[in-house]
Amino acid sequence: MSEERPLDLRSLANVDSPDAVRSALREFRRRALTRYIWVGIGVAALIVAAFLYPPERSLVARIETADERALVGYSVEVGAATWTLLRVADLGDSLGLEWLVWPAGAGGRLSFPTVAFAGVSSDGGGEGTLVPFEVEPPADGTLEGTIRTPGSGPEPFVLDLRHLGVPARYWEP
Amino acid sequence: MELEDVFRAHQQAVFAYFLRVIGNRQDAEELTQETFVRACSAAIRFRGDSSVKTWLFGIARRVLLEASRAGLFDRTEQLPDVAAAGDRADVRIDLERALASLGVSDREALVIVDVLGFEPREAAAIVGVSAETFRVRLHRARRRFREAYGGV
């Protein structure tokens, strides 16, 4: 295979070249500036979004980090489970109740009873499950709830926070 | 040496590469500018594994490929404008016409090696093929060019 050059083409490299370097540097700076501006806008948008739409915190987290929270430790046997009221927290416009639901029997799948307060209710989902409630602050420190055990009708019960060591300022306006 | 000075030293060669391969001055100017814009961004990553010229032409070739994919050759592939050649020697005009009559791949091989003076090994690195593949491509391009030049 011949490497011989057919003709001397080097003269074709002699072209009248425009000053592309200066315009390229200008264009590079313009693009870099545009990129920085967009990155800045993106970062600012993220900060604003984080400020306007803070990530939802779980009710359990809100109760456990509330400035005003009282440790209670009141237990009630409900059907096949023990419901223990661990904490009551002042959440500002509402009260947070954190229950620990624990099956009374050892092991196995159990049907948990339902506990409800003024329209909000929750089922125990498994062993040692934390079940939080957020309720309207009661006027007199007593909360009326119902217990619905599988196979039987609703059973009312009263939770008197005054006797559970919860400070009255939690529910008083 | 400032980056601008380094670029300026290779400006004419890069422009000649585009002009001779695509045959359109305006597009060649734009692609030359785009090559140096990208070189500005890529300069921080240049480690000196090759010469600056080879590195720049690697960028230029990627710019050319993208232009090709965008259909640039569909509208710019054309014979040189003889009337615009002014007082250039006839032989040079014939060379340009013969070169412009070749396919893009042949033109590129000839321009990189025979016009711009790269060694075939460097040219293979720029084009992104093995040295042997490039030698075959160059050999065919030279043969076709000789035929085209004979027919001009």
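Scroll up for the structure.
Starting afresh in each chain, residues are numbered from 1 along the sequence in its written order. The lettering of chains begins at A and the numbering of ligands begins at 1, in the order of writing. In keeping with the model being predicted, local features are shown solely for residues with a pLDDT of at least 70 and side-chain atom pairs are shown and tallied solely at 80 or more, while totals for entire chains, interfaces and linings include all residues.

Student: Any details on helix H2 (residues 25-42) of chain B? Residues and values, ideally.
Tutor: One turn of the α-helix equals 3.6 residues, which is why residues spaced by three or four share an orientation. Helix and strand assignments follow DSSP, with helices taken as H or I runs no shorter than four residues and strands as E runs no shorter than two, numbered in order from the N terminus. Expected span of a helix, by definition, is 1.5 Å for each gap between consecutive residues, and there is one gap fewer than residues. Under the 1.5 Å per step criterion, the end-to-end length of H2 of chain B is 25 Å for 18 residues, consistent within 8% with the ideal 26 Å. Neighbour counting defines burial: a residue surrounded by 20 or more other C-beta atoms within 10 Å of its own C-beta is buried, one with 12 or fewer is exposed, and intermediate counts give partly exposed, using backbone-placed C-beta atoms. Looking at H2 of chain B, one finds that the buried residues are Ala 28, Leu 31, Thr 32, Gln 33, Glu 34, Thr 35, Phe 36, Val 37, Ala 39 and Cys 40 of chain B. Contacts here follow a simple rule: the backbone-placed C-beta atoms of the two residues must lie within 7 Å. Buried residues along H2 of chain B sit against helix H1 (20-52) of chain A together with helix H1 (3-22) and helix H3 (52-69) of chain B.

Student: Residues and numbers for the nonpolar core, please.
Tutor: As used here, a nonpolar core is made of buried Ala, Val, Leu, Ile, Met, Phe, Trp, Tyr and Cys residues. They are joined through C-beta atoms within 7 Å. Ranked by size, the top nonpolar core spans 48 residues in total, and within it Tyr 17, Phe 18 and Leu 110 of chain B carry the most contacts. Mapped by element, the contributors of at least two residues to this core are H1 of chain A together with H1, H2, H3, helix H5 (90-100), helix H6 (104-115), helix H7 (120-127) and helix H8 (131-151) of chain B. The greatest single-element share of this core, amounting to 10 residues, is contributed by H1 of chain B. Excluding residues that lie within four positions of it along the chain, Leu 110 of chain B makes contacts with Leu 9 of chain A together with Leu 99, Val 115, Ala 141, Arg 142 and Phe 145 of chain B. With 22 residues, the next largest nonpolar core counts Ala 89, Leu 95, Val 131 and Leu 143 of chain A among its residues.

Student: Describe the packing of H1 of chain B against H3 of chain B, listing the residues and the values that go with them.
Tutor: Residues and elements named next belong to chain B. Axis geometry follows a simple rule: fit a line to the C-alpha atoms, using only the stretch in contact for helices, then measure angles between N-to-C directions, giving values from 0 to 180 degrees. Here H1 crosses H3 at 40 degrees, and the two axes come no closer than 10 Å. Between H1 and H3, the angle falls in the class oblique. Considering only the axes of H1 and H3, their crossing is right-handed. Every residue of H3 that contacts H1 at Val 6, His 10, Val 14, Tyr 17, Phe 18 and Val 21 is listed here: Val 52, Lys 53, Leu 56, Phe 57, Ala 60 and Leu 64. Class assignment for the residues of the contact of H1 with H3 results in 10 nonpolar, 1 polar and 1 charged. When describing relative orientation, an angle under 35 degrees is termed roughly parallel and one over 145 degrees roughly antiparallel, while 65 to 115 degrees is termed roughly perpendicular and anything else oblique. A crossing counts as left-handed when the near helix is turned anticlockwise from the far one by less than a right angle, and as right-handed when that turn is clockwise. Amino acid classes used here: Ala, Val, Leu, Ile, Met, Phe, Trp, Tyr, Cys and Pro are nonpolar; Asp, Glu, Lys and Arg are charged; the rest, including Gly, are polar.

Student: Any chance you could break down the pairing of strand E3 (residues 95-103) of chain A for me, citing the residues and the numbers?
Tutor: Residues and elements named next belong to chain A. Of all 9 residues in E3, 7 are buried, a share of seventy percent or more. Only strands that DSSP links by at least two bridges are regarded as paired with each other. Two strands pair when backbone bridges link them, and strand E2 (residues 81-90) and E3 are joined in this way by 9 bridges, in the antiparallel orientation. Paired with Arg 87 across the two strands is Glu 98, which belongs to E3. With antiparallel pairing between neighbouring strands as the criterion, E2 and E3 make up a hairpin whose turn holds 4 residues, including Gly 92 at a positive phi of roughly 95 degrees. Across 7 bridges, the pairing between E3 and strand E6 (residues 129-135) is antiparallel. Looking across to E6, one finds that Leu 97 is bridged to Phe 133.

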